[in-house]
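Descriptive analysis of the structure
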Amino acid sequence: MIVAQQKPLEDIRQMARGFRRLLVLGCGTCTTVCFAGGEKEVGLLATSLRSALGQEIEIEEAVVQRQCEWEFLDQVGEAVGRAEAVLSLGCGVGVQGIGERYPGVVVLPGLNTTFMGLTEAPGIWEERCMACGDCLLHRTGGICPVARCAKSLLNGPCGGPQDGHCEISPENPCAWVLIYDRLMQQGRVEQLEEIIPVRDWKASHSGGPRRIVRPDLREMVEEEV
Amino acid sequence: MPAGSNLEAVLSAGRFAVTAELGPPKGTNLGVVERKAEILRHCCDAVNLTDNQTAIVRMSSLACAIHLRRMGLDPVMQMTCRDRNRLALQSDVLGAAGAGVRNFLCLSGDHQQFGNHPGAKNVFDLDSIQLIQVLAGMRDTRRFQGGDEFTGDIPMFIGAAANPFADPLPYRVVRLAKKVRAGANFIQTQAVFDLEIFGRWMAQVRARGLHEQTAIMAGIVPLKSVGTARYMRDYVSGITVPDAIIARMEDAADPKAEGMAIAVELIDAAREIPGVRGVHIMAVGWEDVVPILTERAGLLPRPLI
């Protein structure tokens, strides 16, 4: 899932200053799951802002199932219409989704969209994927060196790992130590002898914003119309 | 096709090679480079120019390598994957090769978090093994990685680093094998203090026959003080300093002299290990010590080939 965390209250207060009618809009999917943008967080943030910004601001609260899809955003058209600004507690996609659907309203990001990751334990999330567009997890024991190695090295660890940790932080396991251990466990360590050749980063963001068009699905939609 | 560098000539002649590191200045004074180069001129076969070492901005290895070439020395131009993508790396290689630089050392590069621009966006378009492949491809096919041909000769003696001491230890020789397969002609190792681990790694190297396919040079760092020794042990990634060495530095009346004695002993010990074909001295700002160490280790005068 997409993992995000709330911006510092002071930053949000600065962004929201000067608006008289604010809609705090949560998102029911990823940011709810990571406890950053669900119903409860919308309520808490709205309360904090009311006390921080005082009487001059009217704050409405709402949550949509997904801020990244038109059909859900359409459900809050009236509430958005009443607001001068929407403070989104969705990820960056949600913020931009609101902006595209309702170009007349100012959208403020209440969260910092941080990474794609998983819940390692309650209250701990860790990055697992950088959406590089050309998955090589079959070559690395299911552990991603692009996302989990600080240098995104593809052919083994740098000279830095000690006690299994990355040189830049004792908090982070070295991705390549994990890969080595996993492949050992699976009896496939000889796989690491292969040289992973120079990559085509076009599939990643270096090729500009990515777009997927599925002709089969497009045909179905056009037939229905 | 031979690259024509002095380092290559010494190694090909079967002589025990010596390289030393020269840290470019954190500023514009080329005189610093000249002074250090003169210290190193007669006591080593080639001089490494570090590339923004420890992610601290310094005069470029490219500029310094060209300058050394003009002074008649044999430079080893270090290149990290951290700061430049494949376009920049290849264009730097063209410029250096055109100016007579023949030795290129391919490195991942220290992470920027350790340097003076911790907020920098890193590159890592290639990793060090891929960089070796790209350079070998340029040399052998006279084509860029992207496929286009280029004009002119590009003789290269391609080097890489190896760290026998970092995790996971059993993988270290595999990584070396990959570097050799990618085309590394010579290898300079991380600083050797722990001869036991180094010896074990060399045994694995010999078992795979890698010592016959590439020239392995043991890294030597002379310790200046017990503080340096502890710092290396505690804060420099991938360096192991045994307690015995720390203790010797602690007990020494003259720590610099003790550091030199240890370095000479390590050079002597490395020479005795089958498959080690040279030493790479990283004096880290203490270049004046290199002539003394090489003299005491019986490595002078350097061969003229």
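Our structure's up above, just so we're on the same page.
Here we summarise the structure given alongside this text. Please read these numbers as outputs of a predicted model, since none were measured by experiment.

Some remarks on the overall build of chain B
A tally of regular secondary structure across chain B gives 12 helices and 8 strands. In summary, chain B has a C-alpha radius of gyration of 18 Å against a globular reference of 19 Å for 305 residues, a match within 12%. Overall, chain B is about 60 × 45 × 45 Å in size when its C-alpha atoms are taken along their principal axes. Here chain B holds 305 residues, and 57% of them are scored as buried. Across chain B, the fraction of contacts at a sequence separation of at least 24, relative to all contacts at a separation of at least 6, is 78%. Across chain B, the 33 positively charged side chains and the 32 negatively charged ones have centroids separated by 4 Å.

Looking at the overall build of chain A
Helix and strand content of chain A: 9 helices and 9 strands. In terms of C-alpha radius of gyration, chain A reaches 22 Å, well past the compact-globule figure of 17 Å for 225 residues. Over its C-alpha atoms, taken along the principal directions, chain A stretches across nearly 65 × 50 × 25 Å. When the 225 residues of chain A are sorted by exposure, 42% land in the buried category. Taking the intrachain contacts of chain A between residues at least 6 apart in sequence as the baseline, contacts between residues at least 24 apart amount to 59%. Accessible area of chain A: about 12,300 Å², with a carbon and sulfur share of 53%.

Structural notes on the interface of chain A and chain B
Residue-level contacts link 27 residues of chain A with 34 residues of chain B. Inspection of the region where chain A meets chain B yields 2 salt bridges. In this assembly, chain A and chain B are joined by 26 residue pairs in polar contact (both at pLDDT 80 or more). Looking at the side of chain A that touches chain B residue by residue, the class counts come to 15 nonpolar, 6 polar and 6 charged.

Here's the deal with the sheet that holds strand β5 (residues 106-109) of chain A
All names here are of chain A. The parallel open sheet is built from 4 strands, whose spatial order is β3-β2-β4-β5. Bordering the open sheet on either side are β3 (58-64) and β5, each of which pairs with just one other strand. For this sheet, the mean angle separating the axes of adjacent strands, direction not counted, is 25°. Of the strands in this sheet, β2 (21-27), β3 and β4 (85-89) touch helix α3 (residues 39-53), which is tilted by about 170° from β3.

Things to note about the sheet that holds strand β1 (residues 2-6) of chain A
Residues and elements named next belong to chain A. With antiparallel pairing, 3 strands are arranged side by side in an open sheet as β1-β6-β7. The open sheet has two edge strands with one neighbour each: β1 and β7 (124-129). Going across the sheet, the axis of each strand differs from the next one's by a mean of 70°, ignoring polarity. Where β1 meets strand β6 (residues 111-121), 5 bridges bridge the pair, whose relative direction is antiparallel. Bridging from a neighbouring strand, Ala4 pairs with Thr113 of β6.

As for the state of the cysteines
For the structure shown, the criterion picks out 0 disulfides over all chains. Unpaired in terms of disulfides, Cys30(A) finds its nearest cysteine sulfur in Cys91(A), a separation of 6.6 Å. Judged by its relative accessible area of 22%, Cys30(A) is partly exposed. No disulfide involves Cys106(B); its nearest neighbouring cysteine sulfur is the one of Cys81(B), lying 7.3 Å away. Relative accessible area serves as the criterion here: at 0%, Cys106(B) is assigned to the buried category.

Quick notes on the rules
Residues numbered from 1 in each chain as written. Chains lettered and ligands numbered in written order. Predicted model: local features only at pLDDT ≥ 70, side-chain atom pairs only at ≥ 80, totals over all residues. Heavy atoms only, no water. Helix = DSSP H or I, 4+ residues; strand = E, 2+ residues; numbered from the N terminus. Rg over C-alpha atoms; globule rule 2.2 N^0.38 Å. Buried < 20%, exposed > 50% of the residue type's maximum accessible area, 1.4 Å probe, protein only. Contact = heavy atoms within 4.5 Å. Lys, Arg positive; Asp, Glu negative; His and termini not counted. Charge placed at Lys NZ, Arg CZ, Asp CG, Glu CD. Areas by Shrake-Rupley, 256 points an atom, 1.4 Å probe, with all protein chains shown as cover. Salt bridge = Lys/Arg side-chain N within 4 Å of Asp/Glu carboxyl O. Polar contact = N/O pair within 3.5 Å; in protein donor to acceptor, adjacent residues only side chain to side chain. Nonpolar A, V, L, I, M, F, W, Y, C, P; charged D, E, K, R; others polar. Pairing = 2+ DSSP bridges. Axes fitted to C-alpha atoms, helices over the stretch in contact; angles between N-to-C directions. Disulfide = S-S within 2.5 Å.

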